[in-house]
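Structural overview for review
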Amino acid sequence: MDHQRAGDGRQAWDRVTAWLEQNAPDVFADLGGLGSKADVCEAERRMALRLPQQLRWWLLASDINAGQQPLAGSSLVTLGIPGIIPSGGLLLGLADIERVYLHKMGIEQIAPSGDPDCPSWRREWVPIVSDRDGFSGKFVNTRTGTVGAWSEGMSPEDSEYASLFASFQDVADQLWGASSGDRREPGRPLPEDEPIRLWARASGYLVNDRGRIPAAIREAYEASR
């Protein structure tokens, strides 16, 4: 990865962490330290693949599972951090990435979907966001670098974002209330949005008090009514 692309990724992730530090200090405190190149290489060996450069960079710059291992008998995702992805789900570090990946690959091998053109999981998909049981989340395609999403009972979407850095940029934009197509200055929330904010907090979503409400949260709110 060239220095410019690494700089773009660092800037996007720094915007996410800056928002968390200011608005969700408890979540910010749960972020891990620097990752280990040796740990990344070992995880790649166990998963029998090589992680794309952007994902490798992020795990080395900020592995949220650094120095931690899941307890025996715990749920599939135990170390992932809630409150970062506005649309919901737990952001995964290296340990949980490996656990969810091997779990999803195991299911596909034991009980394949039956449709070779639409498997429930592909070997090149590496999860980066998941619920605790692995029923839904987001993944990086190691062949293309795109970010997709999966959910039980639905066909996976293989290219929701052009790259991992693009997905972090969108997370940062949503947190700061400046997502594409709506860059209204923070500090001017609409009064009619307050019921959605109250519902989102009660439902475990992270909502910025000072800017727009992400479309995904609006859609979830409308679906709950």
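Up top is the structure.
Per chain, the residues get numbers from 1 upward, laid out in the order the sequence is written. Per-residue local features of the predicted model are confined to residues with pLDDT of at least 70, and side-chain atom pairs are confined, for both listing and counting, to 80 or more; whole-chain, interface and lining totals are unaffected and use all residues. Values reported for side chains reflect all heavy atoms of the structure, with hydrogen atoms and water molecules removed beforehand.

1. Focus: the layout of surface pockets
Only protein atoms enter the 1 Å grid, on which a cavity is a set of points fitting a 1.4 Å probe that cannot get out and a pocket is an open set with protein on both sides within 12 Å along at least 5 of 7 lines, lining residues being those with an atom within 4 Å of a point. Grid points are joined across faces, edges and corners, and a volume is the space filled by probe spheres set on the points. There is about 260 Å³ of room inside the second largest pocket. The wall of the second largest pocket is formed by 18 residues, among which Asp39, Gln68, Gln69, Leu94 and Ala95 lie closest to the centre. Among the elements of the structure, helix 3 (37-47) and helix 5 (94-110) are those that each provide at least two residues to the lining of the second largest pocket. Only Asp, Glu, Lys and Arg are considered charged in this grouping, and only Ala, Val, Leu, Ile, Met, Phe, Trp, Tyr, Cys and Pro are considered nonpolar; every other residue, Gly among them, is considered polar. Counted by class, the lining of the second largest pocket contains six nonpolar, six polar and six charged residues. Only runs of H or I of at least four residues qualify as helices and only runs of E of at least two qualify as strands under DSSP, and these elements are numbered from the N terminus.

2. Remarks on the side chain of glutamine 54
By secondary structure assignment, the location of glutamine 54 is in helix 4 (residues 53-61). Polar contact is defined as a pair of N or O atoms within 3.5 Å, subject to the rule that within protein one atom must be able to donate a hydrogen and the other to accept it, and that residues adjacent in sequence are counted only when both atoms are side-chain atoms. A distance of 3.2 Å separates a polar atom in the side chain of glutamine 54 from the backbone nitrogen of leucine 164.

3. Here we look at the packing of aromatic side chains
The pairing test for Phe, Tyr and Trp rings, Trp by its six-membered ring, is centres within 6.5 Å, and the orientation test on the planes gives stacked under 30 degrees, edge-to-face over 60, and tilted for anything in between. On inspection of all chains with the given rule, the structure shows ten aromatic pairs. Here tryptophan 58 and phenylalanine 168 contribute two aromatic rings whose centre-to-centre distance is 5.4 Å and whose plane-to-plane angle is 55°, an arrangement assigned as tilted. Taken together, the residues span a long stretch of sequence, with tryptophan 58 in helix 4 and phenylalanine 168 in helix 6 (residues 164-175) at a distance of 110 residues. Using a 1.4 Å probe on the protein chains alone, a residue whose accessible area is under 20% of its type maximum counts as buried, one over 50% counts as exposed, and one in between counts as partly exposed. The class for tryptophan 58 is buried, based on a relative accessible area of 1%. A network of ring pairs unites the aromatic residues Trp121, Trp125, Phe139 and Trp150 as a single cluster.

By themselves, these figures tell us nothing about what the structure is for.
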